[in-house]
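Working through the structure, step by step
Spelled out from the first residue to the last, the chains are:
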Amino acid sequence: MDESGLSKWFDQNLLDTKLGKVVVKPTRAGSSIGVSVAYGVTDSLQKANTIISEGIDDKVLVEIFLEGGSEFTAIVLDVGSGFGCQPVVLLPTEVELQSHGTVDVREKDAIFNYRRKYLPTRQVAYHTPPRFSVDVISKIREGASLLFQRLGLRDFARIDGWFLPPSMKASSFAGNKFGRTNSGTVIFTDINLISGMEQTSFLFQQASKVGFSHSNILRTIIQHACLRFPALLSHNIISSPSRRRSKSASVTEAFIKQHKKVYVIFGGDTSERQVSLMSGTNVWLNLRASDDLEVTPCLLSPATSYSDVSDFGKHEVDKKFKTVWTLPYSLLLRHTTEEVLDACLEAIEPNRAALTSHLRNQVMDDLTRGLRKLSWFNGFDISDELPKKFSLEQWVKLAKESQATVFIAVHGGIGEDGTLQSLLEAEGVPYTGPGVIASKTCMDKVATSLALKHLTDFGVLTINKDARKKDDLLKMSISDLWRDLKSKLHCDTLCVKPARDGCSTGVARLCCEGDLAFYINALQDCLPRIPPNSLSKAHGMIEMPNPPPELVIFEPFVETDEIVVASKSRNEIAHNLLWKGDSRWVEVTVGVVGKRGSMHSLTPSVTVKESGGILSLEEKFQGGTGINLTPPPPSIMSSSALERCKKHIELIANTLQLEGFSRIDAFVHADTGEVLIIEVNTVPGMTPSTVLIHQALAEQPPLYPQQFFHTLLDLASERSM
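Bear in mind that the values here come from a model prediction, so they are computed numbers and not experimental data.

Secondary structure assignment for the chain yields 24 helices and 30 strands. When burial is assessed residue by residue, the chain has 56% of its 721 residues classed as buried. For the chain, the share of sequence-separated contacts (at least 6 apart) that also reach a separation of at least 24 residues comes to 70%. For the chain, the accessible area works out to roughly 31,100 Å², and carbon and sulfur atoms hold 52% of it.

As a rule of thumb, soluble globular proteins bury nonpolar side chains together. Ranked by size, the top nonpolar core spans 99 residues in total, and within it Phe212, Ile265, Leu287, Leu367, Trp395, Val406 and Phe407 carry the most contacts. Listed in part, the 32 residues of the second largest apolar core include Val460, Val590, Ile664 and Val675.

A few words on the sheet that holds strand 11 (residues 260–267). A sheet is described by the order of its strands in space; here 5 strands give the open sequence 14-13-12-11-15, paired in mixed fashion. Each having just a single partner strand, strand 14 (388–391) and strand 15 (405–408) make up the two edges of the open sheet. Adjacent strand axes in the sheet meet at a mean angle of 30°, parallel and antiparallel pairs treated alike. Summarising the sheet, strand 11 and strand 15 pair through 4 bridges and their orientation is parallel. Its bridge partner lying in strand 15, tyrosine 263 is registered against valine 406.

Relative to the helices and strands, leucine 715 is located in helix 24 (residues 705–718). Taking the C-alpha atoms as reference points, leucine 715 and glycine 660, separated by 55 residues in sequence, lie 5.7 Å from one another. In this view, leucine 715 contacts Val593, Gly594, Lys595 and Gly660; residues no more than four positions away in its chain are not counted.

Let's shift gears to the packing of helix 19 (residues 478–489) against helix 20 (residues 513–524). Between helix 19 and helix 20, whose axes approach to 10 Å, the crossing angle comes to 115°. Accordingly, the angle class assigned to the pair helix 19 and helix 20 is roughly perpendicular. Relative to helix 20, the crossing made by helix 19 is right-handed. Contacts from Ile478, Ser479, Leu481 and Trp482 of helix 19 reach helix 20 at Glu513, Leu516, Ala517 and Ile520. Its residues assigned to classes, the contact of helix 19 with helix 20 comprises 6 nonpolar, 1 polar and 1 charged.

Moving on, we come to the sheet that holds strand 17 (residues 466–469). Strands sit in the order 17-22-18-19 across an open sheet of 4 strands; the sheet is antiparallel. Pairing within the sheet leaves two strands with one partner each, and these edge strands are strand 17 and strand 19 (508–510). Strand-to-strand twist of the sheet, defined as the mean angle between neighbouring strand axes without regard to direction, takes the value 30°. Judged from the 3 bridges that link them, strand 18 (residues 494–498) and strand 19 form a sheet pairing that is antiparallel. For valine 496, the partnering residue across the bridge sits in strand 19 and is alanine 508. Each of strand 18, strand 19 and strand 22 (551–556) touches helix 20; the most contacted strand, strand 19, lies at about 140° to it.

A cluster of nonpolar residues, Leu151, Ile191, Leu193, Ile194 and Met197, forms a patch on the protein surface that exposes about 490 Å² of accessible area. Considering the arrangement of structural elements, one finds methionine 197 in the loop between strand 10 (184–192) and helix 5 (202–209).

Now for the pattern of salt bridges. On inspection of all chains with the given rule, the structure shows 30 salt bridges. Arginine 584 is paired through a salt bridge with aspartate 671; the nearest N and O atoms lie 2.9 Å apart. Taken as a pair, arginine 584 in the loop between strand 24 (576–579) and strand 25 (585–595) and aspartate 671 in the loop between strand 29 (660–669) and strand 30 (675–681) lie far apart in primary sequence, 87 residues in all. With a relative accessible area of 24%, arginine 584 lands in the partly exposed category. With relative accessibility at 38%, the residue aspartate 671 sits in the partly exposed group.

Counted under the stated rule, the structure contains 12 aromatic pairs. Centre to centre, the rings of tyrosine 263 and tryptophan 395 are 5.9 Å apart; their planes meet at 35°, and the pair counts as tilted. Here tyrosine 263, found in strand 11, pairs with tryptophan 395, found in helix 14 (residues 392–401); they are 132 residues apart in sequence, far enough to count as distant. Considered together, tyrosine 263 and tryptophan 395 belong to a single accessibility category, that of buried residues. Here the aromatic rings of phenylalanine 407 and phenylalanine 661 are separated by 6.1 Å at their centres, their planes lie at 50°, and the arrangement is tilted. With phenylalanine 407 in strand 15 and phenylalanine 661 in strand 29, the pair connects residues that are 254 residues apart, well separated along the chain. Comparing phenylalanine 407 with phenylalanine 661 shows no difference in burial state: the two are buried. Linked through ring pairs, Phe407, Phe661, Phe708 and Phe709 together constitute an aromatic cluster.

All of the buried residues along helix 16 (residues 436–443) are Val436, Ala438, Ser439, Cys442 and Met443. End-on, the buried residues of helix 16 take up no more than an arc of 165°, which puts them together on one face. For helix 16, the exposed residues set more than 90 degrees away from the buried face come down to Ile437 and Lys440. Where the residues of helix 16 are buried, they touch helix 15 (419–426), helix 17 (445–452) and strand 30.

This part covers the environment of leucine 712. Mapped onto the elements of the fold, leucine 712 is located in helix 24. Residues leucine 712 and glycine 660 lie 52 residues apart in sequence; the distance between their C-alpha atoms is 6.2 Å. Residues in contact with leucine 712, not counting those within four places in the same chain, are Phe407, Thr432, Val593, Gly660 and Phe661.

Our focus in this paragraph is the confidence of the model for the chain. Any segment with low pLDDT has predicted coordinates that should not be analysed in fine detail. Overall, the predicted model of the chain reaches an average pLDDT of 85, with 83% of residues at or above 70. In this model residues 305–311 is a low-confidence stretch, pLDDT under 50, and it forms 7 contacts with partners more than four residues away in sequence or in other chains. Across residues 568–574, where pLDDT falls below 50, the model places 4 contacts with residues more than four positions away in sequence or in other chains.

Thresholds, definitions, all that
Residues numbered from 1 in each chain as written. Predicted model: local features only at pLDDT ≥ 70, side-chain atom pairs only at ≥ 80, totals over all residues. Heavy atoms only, no water. Helix = DSSP H or I, 4+ residues; strand = E, 2+ residues; numbered from the N terminus. Buried < 20%, exposed > 50% of the residue type's maximum accessible area, 1.4 Å probe, protein only. Contact = heavy atoms within 4.5 Å. Areas by Shrake-Rupley, 256 points an atom, 1.4 Å probe, with all protein chains shown as cover. Core = buried A, V, L, I, M, F, W, Y, C linked by side-chain atoms within 4.5 Å. Pairing = 2+ DSSP bridges. Axes fitted to C-alpha atoms, helices over the stretch in contact; angles between N-to-C directions. Parallel < 35°, antiparallel > 145°, perpendicular 65-115°, else oblique. Left-handed = near helix turned anticlockwise from the far one by under 90°. Nonpolar A, V, L, I, M, F, W, Y, C, P; charged D, E, K, R; others polar. Patch = residues over 30% accessible without salt bridge, like charges linked within 9 Å, V, L, I, M, F, W, Y side chains within 5 Å. Salt bridge = Lys/Arg side-chain N within 4 Å of Asp/Glu carboxyl O. Phe/Tyr/Trp six-rings, centres within 6.5 Å; stacked < 30°, edge-to-face > 60°. Arc of directions from axis to C-beta. pLDDT = per-residue confidence, 0-100.

Okay, structure coming up:
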C-alpha cells in the first residue's frame, strides 16, 4: 500500500495520520514474530518495509491498536464423529500485559509479542477462565465455535480476539451486531491452525482445566484426525494411557502405595524463580511418565509478610514463614510463579472457585456429548483438585512422613545456598544435588574461586574478582570507580554480575565509564530489565535481579573467538561453521553426574552467543533461540583436548565435593583443554531446551530425558547423608 492509500485508511478510521496508534504485522507469520506498534502513516510504512526486507513476509497488515480492551485466546476442539464437525470451545484465557507493575515505564507499546509469549518474565499474566462476565465468556465460546465451522477447520485450532468494554469506541465495528453483549463487544482477530505446544502453552493450560493431561489431549487430537483415514484406526498407532496416570479413576490404596513418592519443588523469591518454574514443570512431567513414581509438584512461595521476626534467625524465618503449596495438575501450567500463586488463591476463594467449577462442568458436558460416541476415548484423566498450603517446616515433615524423595528445582536463594538441603537433612529426607557445604560454597562465586585456586598447576584456572557492595557503588565517583576497577583487574573491559544470582540475570559487559554509570543507575532505579543496546557494545535484553543485589562482582571480560553457525546459505550447504580461533578460548557448559568423589563429566557443549558477548535469558532457556554445539566440533576442539577438558571438569566437581548433578560453566583452551572456571550451578536449569538434556543424549548409550531425571532421583536415594 502506498502512502496516500494508507493515509486514506487512517482517515476512514478516525486516526491521526501523524500520531495514530496502530499494529503492524506480517499477514502470514505466527508466534507474534515481526509484530510491532507504529505511530502514524510514516512510521507504519517504515515498520512494514522492515517486515518485508527481513524476509518475514511479503505482505503486511495494519490494524487499529485496541487500547483499553482485554485480549483473549481460546482453544477449539472438534469432537464430532465421522465427517461431522462438532466444535467445543474450552475455557478461554485472558492475556493481561505488564502485570503487577514491574515493567519498565518506557515499554509503552504493550503488545503480546514473541518475548512476552515465550519467555518466563512477569510482562504478561494469564487468567483461565478469564475475568469476564459469564455472558462474555459464553459469547467468546459461541463465536469461536461458529468461526471453526464456517472456515472448515479440523481437529483443533486456537482463536484469538479482544473484549472491548462499553466505554471503548466501537465505530469500526458498528455494522456488525455479532459479539455484542450487555458487558461489551467481543471481536476475533486471529486464527492459529496449529497452536503452540510448549509444556505450559494455551492448549495444555485450557485442556487441563477440563480434565485432559498433556498426553490425553494430544491423543484425542490425533485419534480424531485419524477418523479421516479409517485404515489407520485398525492399527494401534497410539498407546493407551497408563492406568496410574488417571488420579480421577478409582485406584486402590495398595496400588498407590507401591509407587515411590517424589516431591518436585520449584519457585522461590529470587530473580531465577521463573526459570525454576520451567525446570520444575519439565522435571515433573518427565518423572510423571514413570510407572513406578507418584510425583507431586510443589511451589515454594515467598513469604507474603513477616510480622515480628526479631527473635528468629534467618534459618527459623525460612522454616516458619516461607510457604509451600502442593499443586493439582492444572494449576502448575502457568507462565510465572506469581500466576501459580494467584491461581492457588483463586482456587480456594469460594466465589471464583464456584464460577470456575460451573464453567468447567459446562465444557466437560459439551465434550462428553461428542467424545462418548468415539470408541477410542478412555475418559478424562485430570480431576478438579484443590491446592494445599504448608509452612516450609510442615512440608519437610510431610515429605518425611510420606517417605518421599525431594527433587530440588529451586534456582538460587534457599534452594541453592544450602538452606533447603540443611532442612531436609535434619529430617533424613533424601534430595537431589549436592549437600549443604558444597551448595554454600558454589552459591558464592568468590568462595568457589578460592576453593579452586590451588588447582592452577593441574590445568584449572580462576578469574580475578572484585566484589563491591551496591551501597558503596552508589557513593563513589564513576570515573574513580572505573579507574580503580581497571587497575585492580588489569583489563579494559569488565564483566559485572550479581554475587549470588544465575541464569544470566544482571550479567553485563562494560566497555566504558558510560556503561558502568548506566548499570549502577539501573541498580539504583530497580529497573526490571536493561533494554537491548543500552550499553556501548550491542547486546540483547538484560533481565535484572528483583530486588537488586546487595553485592556485585566485577571480573575481566574474557574475549573468546566468535563462532558463527549458518543454518543455510545461498549454495544450500547447511550448517556452516565459521571460527577464526585466534585466542583459542571457547566458552563451554557441562553437566556432571554421579556420587561424591567420583563425579562423571558429560560431554561439554560449546555455547554460541548471538550478541553482546553475554548469553541472554532467551539463549539459555528458550527453545528455538541460542546455539549450543554438543559435542564440540573437531574443527574447534580435538578429541584429546576434549578428554583433558572433561578430566579437569571432574577434578573441579570432586574438589568442591559435588554429588548428584550440577553444571559447570567455564572457558576452555581448545588446544590444551585447560579450564578457566566461570561458575558452578548446583541446581542447574532443567528446562526442555537445557544443554543438560543434549549432553545426556550424547552419552553412550543415550540417556533420554525421562531416564536422565530418574537417574538423578536414584542418586538422591543412594546419597550418603
